[in-house]
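Below are the chains, spelled out letter by letter.
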Amino acid sequence: MSPGTNYRDIDPQFMAPFLRAAIRVFQVQCSLELKAGKPYMKEGGGGRLMGKISGLIPIDSKSFSGSLAISMEDSVFFALVKSLFGEEVSAVSAENADLAAELANMILGQAKVELGNLGKPVGMALPVAVWGTEHDARDLGQGKCVVIPFESSAGKIFVEIVAGGAASESVA
């Protein structure tokens, strides 16, 4: 499926909290306004992530098992490091990559509250950061993948929800 393709077996009530959480986290924590694009199914499922650096965190509930990835272009990551820490960086490194992992953690934390209120409780896990031109989420899910693209003044950001395991076949 390509961008813009319908994804009728995705539960919008499950996806919407992640969209709202990403907007809130970037606005409040990073002073960066995000404009959401149209969510779509990524062809081939999880696999290669959309950005150059990503924060990944497993998602586990009674009805869903998979992962959340917050993936961004280098330009966004460099702007976030400058904005949050006052440091100019020109490369992602082990010293600064944890920022991406923490963003994934904050987004899942925000979404978790809203999902709990909807009767869809989600457990928390430890996030990790991965980067490079060919990094992927295969270890955290190989099923269906919904991408929520965002535009910002610093560049593109993608929230990817990757399903993995029998409980997540309906991605809800």
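Since the structure is predicted, the reported quantities are computational estimates derived from the model, not experimental observations.

### Digging into the overall build of the chain
Helices and strands together make up the secondary structure of the chain, namely 3 helices and 7 strands. Secondary structure elements of the chain, listed N to C terminal, follow the sequence α-β-β-β-β-α-α-β-β-β. In the chain, which comprises 172 residues, the share counted as buried stands at 48%. Within the chain, counting contacts between residues at least 6 apart in sequence, those at least 24 apart form 72% of the total. Within the structure as shown, the chain displays about 8,100 Å² of accessible surface, and the carbon and sulfur contribution to it stands at 52%.

### Description of helix H1 (residues 12-30)
Taking 1.5 Å of rise per residue, the 19 residues of H1 would be expected to cover 27 Å, and the 26 Å separating its terminal C-alpha atoms lies within 8% of that figure. Buried residues along H1 sit against strand E3 (53-60), strand E4 (65-72), helix H2 (74-85), helix H3 (98-117), strand E6 (145-152) and strand E7 (155-163). One or two positions beyond H1, positive phi appears at serine 31, with a value near 50°.

### Overview of the packing of H1 against H3
Closest axis-to-axis distance for the H1/H3 pair is 8 Å, and the angle between their directions is 130°. In this view, H1 runs oblique relative to H3, as classed from their interaxial angle. Along this stretch, H1 crosses H3, giving a crossing that reads as right-handed. Seen from H1, the contacting residues are Gln13, Phe14, Pro17, Phe18, Arg20, Ala21, Ala22, Arg24, Val25, Phe26, Gln29 and Cys30; seen from H3, they are Leu103, Met106, Ile107, Leu108, Gln110, Ala111, Glu114 and Leu115.

### Some thoughts on the pairing of E4
Extensive coverage of E4 is indicated by the burial of 7 of its 8 residues. Two strands pair when backbone bridges link them, and E3 and E4 are joined in this way by 8 bridges, in the antiparallel orientation. Note that in E4 the partner of isoleucine 53 across the bridge is methionine 72. Remark: 4 residues form the turn of the hairpin made by E3 and E4, two consecutive strands paired antiparallel.

### Considering the packing of aromatic side chains
Considering all chains together, one arrives at 1 aromatic pair under this definition. Ring centres of phenylalanine 77 and phenylalanine 78 lie 6.4 Å apart, and the angle between their planes is 65°; this geometry places the pair in the edge-to-face category.

### Some details on the packing of H1 against H2
How two helices pack is summed up by the angle between their axes together with the distance between the axes. Relative orientation of the contacting elements H1 and H2 amounts to 45°, with a least axis distance of 10 Å. Taken as axis vectors, H1 and H2 run oblique relative to one another. Contacts between H1 and H2 pair Phe26, Gln29 and Cys30 from the former with Leu80, Ser83 and Leu84 from the latter. Taken together, the residues that form the contact of H1 with H2 break down as 4 nonpolar, 2 polar and no charged.

### With respect to the pattern of salt bridges
A complete count under the given rule lists 3 salt bridges for this structure. Between arginine 24 and glutamate 114 there is a salt bridge, and its shortest N-O distance comes to 4.0 Å. Here arginine 24 is found in helix H1, whereas its partner glutamate 114 is found in helix H3, with 90 residues between them in sequence. Accessibility expressed as a relative area gives 32% for arginine 24, which makes it partly exposed. Owing to a relative accessible area of 18%, glutamate 114 belongs among the buried residues under this scheme.

Cut-offs applied
- Along every chain, residues carry numbers that run from 1 in the direction the sequence is written.
- Thresholds applied to this predicted model are a pLDDT of at least 70 for local features of residues and 80 or more for the giving and counting of side-chain atom pairs; totals over whole chains, interfaces and linings are not thresholded and use all residues.
- Derived side-chain values reflect all non-hydrogen atoms in the structure, with water molecules and hydrogen atoms excluded from consideration.
- Segments assigned H or I by DSSP are reported as helices when at least four residues long, segments assigned E as strands when at least two residues long, and all are numbered from the N terminus.
- Partly exposed residues are those whose accessible area sits between 20% and 50% of the maximum for their type, while under 20% is buried and over 50% is exposed, using a 1.4 Å probe and protein chains only.
- Between two residues, a contact is recorded if the distance between any of their heavy atoms is within 4.5 Å.
- Note on areas: these come from Shrake-Rupley sampling with a 1.4 Å probe, and a residue is covered only by the protein chains present in the view.
- One fewer than the residue count of a helix, multiplied by 1.5 Å, yields its expected span.
- Orientation is described by lines fitted to C-alpha atoms, with helices fitted over the stretch in contact, and by angles between N-to-C directions that extend from 0 to 180 degrees.
- Each angle is binned into one of four classes, with values under 35 degrees roughly parallel, values over 145 roughly antiparallel, values of 65 to 115 roughly perpendicular, and all other values oblique.
- In this scheme, a crossing is called left-handed if the near helix is turned counterclockwise away from the far one by less than a right angle; it is called right-handed if the turn is clockwise.
- Being paired, for any two strands, means DSSP has found at least two bridges between them.
- Pairing of aromatic rings covers Phe, Tyr and Trp, the last counted by its six-membered ring, and requires centre-to-centre distances within 6.5 Å; plane angles under 30 degrees mean stacked, over 60 mean edge-to-face, and any other angle means tilted.
- In this classification, the charged set is Asp, Glu, Lys and Arg, the nonpolar set is Ala, Val, Leu, Ile, Met, Phe, Trp, Tyr, Cys and Pro, and all remaining amino acids, among them Gly, are polar.
- Here, a salt bridge means any side-chain nitrogen of Lys or Arg that lies within 4 Å of a carboxyl oxygen of Asp or Glu.

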